[in-house]
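Residue-level structural notes
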Amino acid sequence: MEKRVTFKGWLLPLCLIAPQVFISAVFFFYPAGQAVWQSLFIPDPFGLSSQFVGLENFEYLLGDPYYRASFVTTAIFSTLVTLAAMIPALFLAVMADRLVKSAGVYRTLLIWPYAVAPAVAGVLWLFMFNTRVGVIAWYLGQLGYDWNHVLNEGEAMGLVVVASAWGRISYNFLFFFAALQAVPRSIIEAAAIDGARFWRRFFTIVLPLLSPTTFFLLVVNIVYAFFETFGVIHTITSGGPQQATTILVYKVFSDGFVGQDLGSSAAQSVILLIVVGLLTVLQFKYIEKRVHY
Amino acid sequence: MQKTAFGALLAATTALSPLAATAQTEIQFWHAFTGRLGELVAEQVVTFNESQSEYSVNATHKGNYSETLNAGIAAFRAGEQPHILMVFEVGTATMMGAEGAIKPVYEVMAGAEFDPDAYIGSVKGYYTTTDGQMLSLPFNSSTPVLWVNRDALEGAGIDPDTDLSTWQNVDAVLDQLAEAGHSCPLTTAWQSWIHLENLSAYHDVPFATQDNGFAGLDTELAFNGPVQVQHIAQMGEWADEGKFIYAGRRNEGGANFRAGECALFTESSAGYAGIKSEAQFEFDVRPLPYWEGVEGAPQNTIIGGASLWVMEGHEPAEYEAAAAFLNFLSSPEIQAKWHQDTGYLPITSAAGELTREQGFYQENPGTDVAVKQMTTNAPTANSKGLRLGSFDQIRGIIDEELEAVWSGDKDAQAALDSAVERGNQLLRRFERASN
């Protein structure tokens, strides 16, 4: 039986949700509405004139093979970022959870990278892999590997994925670590008495119990990979070489703020909004069924 | 206690400042310079403010070229535009299309004693309408040249004074450097600007139809002609053989050259200040090479850099102030100092003369190479400059396609055809937005 606590009357609940509604309206619904409206026009950059073109901006975009290719790039990029941010985080959390002593120190150290802004993280990684002065690029050179993310598409993708996932590992670690602490010791001990070894216990007991956290992090990380990795890409590759790292949100920026083509840029943000919305709905509909709360 | 003191101070300054400022007309100037260039601009502004008491210019740095243009556009939309905005040459078509947002310089200067013909033709032409009206004031202009690391040539057993005026000769030198085991015979900055835009002008072939966009918005890109394809194919071959090292889309190659790693470097003449202060080797400035045998080459190269646009929507007194400031900036003394400090071109003939009289070219040989390269021949329809909408983004497309050539994914013809096709789509959208 579900327990429900309800308010009497409507004034208090309304007051309580009002700030959130206000913030959403000002910072989300209003700009999103503007984007939808703008996507129907081809305006000039200064806003002096604009022509109504209906859905032509969308037609133009979807007919562009480079824009469609950007979907594939985004899919690959966000999958890799999500995996690269979640798997090491889970591993580190499991390890830190096993520590008896000084877990606090490890925890603190592991959280640090989260404080680094994406653009700064991008610059840090770029320094290490700089083809000329980068420390890691130099070591790779010593090993006989010629690192060149300026021209090699795979290496460029690898670099932006690592740089984007790095700070995110900390964030995911925190959640996994907290969730691990909440796993009842008694169940694990019972399994241990039954003779289950560590990894067996991990896969059959701990992982399913972590599923609400994993699901939450999956959604949050995909959204992160879609939207917030802009700074990393801008500082490391600017979408290159060729179009190897031009993800959808980077294209919104370059069409809108480099090309001053606000109509196309607005249409792209509408498409992006729909894609992420659909993705989240799908996740809740299908994956959440496998989540045990 | 401290708080009250601070509050009182604040109140006092706020109360006093309008009194002090009433006599002066203040105008805003947004620019894109940081570092040494930023200091030099600040110095010009201080000199102007101290030279008279009627006007006061307030200069603000707004980020790189693209960011400054965006800041100006956003400010205009919000009704907060500055009086003077620095816009890079690539944004020229965007600004020209913005009737109602800009006040052409010839109008601003109508009352002032100002001679647009003082500016050298190839610079002025870039910012002037086809019927000769100056729309924005040329500010910093440079042109690409060939930088040579003399020590590297000597190290490979090559005479450092060898003739590098043609790409044929450069090819032979690159061979020798590669044979001697040199790891970076040639690198470049700004590949589209130097190896397509300037290449086209220098060989008197069109980069785009309609006089490179000067004659109309219905222009189409045309840089997939035989001269450009042959040049890019040759560079692709050099890249494949390790003779041309690609460092990045902007001026990343500069670090390699200044550190002495690269023997030859195609870069803006404005690279002078940086190379002079950092290079631990003997270097030379040479004219940009051309392909011998192409009819009309070498024509003249075109400029890169920025100009100053006056924005619409201010008081007449403020336009007077803007005119005074622009007039001050174009005076020979200011221009000559700017040219000598930065390596940017002396954009008025008088500034060039003054620099010569001061003996600067004798003390710093090679600093006049860029000037000669720009001014020896009268510009043709193909070498006057470029006026293309969405050009910043078209350059991005060109960068992508050239990267495909350097990595061996595409041949030169296919890459340039594709760049032309993709760029034309943007030009069509720009044409529609401007109508």
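Residues numbered from 1 in each chain as written. Chains lettered and ligands numbered in written order. Predicted model: local features only at pLDDT ≥ 70, side-chain atom pairs only at ≥ 80, totals over all residues.

Each helix and strand in chain A was counted, giving 13 helices and two strands. Considering only C-alpha atoms, chain A reaches an extent of 75 × 75 × 30 Å along its principal axes. Split into buried and exposed, the 293 residues of chain A put 32% on the buried side. When contacts within chain A are restricted to residue pairs at least 6 apart in sequence, those whose partners lie at least 24 apart make up 70%. (Helix = DSSP H or I, 4+ residues; strand = E, 2+ residues; numbered from the N terminus. Buried ≥ 20, exposed ≤ 12 C-beta atoms within 10 Å, placed from the backbone. Contact = placed C-beta atoms within 7 Å.)

All right, on to the nonpolar core then. As a rule of thumb, soluble globular proteins bury nonpolar side chains together. All names here are of chain B. The biggest cluster of nonpolar side chains holds 129 residues, and the ones touching the most others in it are Ala322, Phe325 and Leu326. If you count residues domain by domain, this core takes at least three from each of domain 1 (2-142 + 303-363) and domain 2 (144-301 + 389-434). For Leu326, the residues in contact, after removing those within four places along its chain, are Val105, Met109, Leu137 and Leu308. (Core = buried A, V, L, I, M, F, W, Y, C linked by C-beta atoms within 7 Å. Domains from an automatic or database assignment.)

This part is about the domain arrangement of chain B. Residue and element names in this part refer to chain B. Taken domain by domain, chain B comprises domain 1 (2-142 + 303-363) and domain 2 (144-301 + 389-434). Here the C-alpha centroids of domain 1 and domain 2 sit 31 Å apart. At the junction of the two partners, domain 1 supplies 15 residues and domain 2 supplies 16 residues. When its residues are assigned to classes, the side of domain 1 that touches domain 2 shows four nonpolar, 10 polar and one charged. (Nonpolar A, V, L, I, M, F, W, Y, C, P; charged D, E, K, R; others polar.)

Facing the 31 residues of chain B at the interface are 22 residues of chain A. The set of elements that each furnish at least two residues to the side of chain B that touches chain A consists of helix H3 (65-77), helix H12 (253-258), helix H19 (391-406) and helix H20 (412-434) of chain B. The element contributing the most residues to the side of chain B that touches chain A is H19 of chain B, with eight residues.

Turning our eyes to something else, we now look at the environment of Phe391 of chain B. Residue and element names in this part refer to chain B. Of note, Phe391 is situated in helix H19. By C-beta crowding, Phe391 is classed as buried, having 27 other C-beta atoms within 10 Å. The spatial distance from the C-alpha of Phe391 to the C-alpha of Ile245 is 25 Å, given a sequence separation of 146 residues. With residues up to four places along the chain from it excluded, the contact list for Phe391 reads Val90, Ala93 and Leu386.

This next bit is on the environment of Ala117 of chain A. Residues and elements named next belong to chain A. Tracing the backbone shows Ala117 in the loop between helix H4 (103-111) and helix H5 (118-129). The class of Ala117 is exposed, set by 11 C-beta atoms lying within 10 Å. As a C-alpha pair, Ala117 and Gly231 span 114 residues in sequence and 8.4 Å in three-dimensional space.

Turning to the environment of Glu401 of chain B, a few remarks are in order. All names here are of chain B. With respect to the element layout, Glu401 can be found in helix H19. Linking Glu401 and Ala180, residues 221 residues apart in sequence, is a C-alpha distance of 31 Å. Aside from chain neighbours lying at most four places away, what touches Glu401 is Ala415, Leu416, Ser418 and Ala419.

This brings us to the packing of helix H10 (residues 211-227) of chain A against helix H13 (residues 262-287) of chain A. All names here are of chain A. Look at H10 against H13: their axes get within 11 Å of each other, and the N-to-C directions meet at 165°. One finds that H10 runs roughly antiparallel with respect to H13. The hand of the H10/H13 crossing is right-handed. Contacts between H10 and H13 involve Phe215, Leu218, Val219, Ile222, Val223 and Phe226 from the first element and Val276, Leu279, Thr280, Gln283 and Ile287 from the second. (Axes fitted to C-alpha atoms, helices over the stretch in contact; angles between N-to-C directions. Parallel < 35°, antiparallel > 145°, perpendicular 65-115°, else oblique. Left-handed = near helix turned anticlockwise from the far one by under 90°.)

This part takes up the confidence of the model for chain A. Of the residues in chain A, 99% reach a pLDDT of 70 or more, and the chain-wide mean stands at 91. No element of chain A has a lower mean pLDDT than H4 of chain A, at 86, and none a higher one than helix H7 (residues 153-181) of chain A, at 95. (pLDDT = per-residue confidence, 0-100.)

Quick look at the pairing of strand S9 (residues 264-268) of chain B now. All names here are of chain B. Burial runs high along S9: five of the five residues are buried. Bridge count between strand S6 (residues 144-149) and S9: five bridges; the pairing is antiparallel. Bridge pairing in S9 links Pro144 to Ser268. (Pairing = 2+ DSSP bridges.)

The next point concerns unusual backbone geometry. Glycine aside, residues mostly have negative phi, and peptide bonds are mostly found in the trans state. The linkage connecting Gly240 of chain A with the following residue, Pro241 of chain A, adopts the cis geometry, with an omega of -5°. With respect to the helices and strands, Pro241 of chain A occurs in the loop between helix H11 (230-236) and helix H12 (248-258). Note the cis peptide between Ala297 of chain B and Pro298 of chain B, where omega equals -5°. By the secondary structure assignment, Pro298 of chain B is in the loop between strand S10 (283-286) and strand S11 (304-311). A positive phi is found at Asp211 of chain B, a non-glycine position, where the angle reads about 50°. Locating Asp211 of chain B in the fold gives a position in helix H10 (residues 209-212). Note on Asp211 of chain B: 18 C-beta atoms within 10 Å, which makes it partly exposed.

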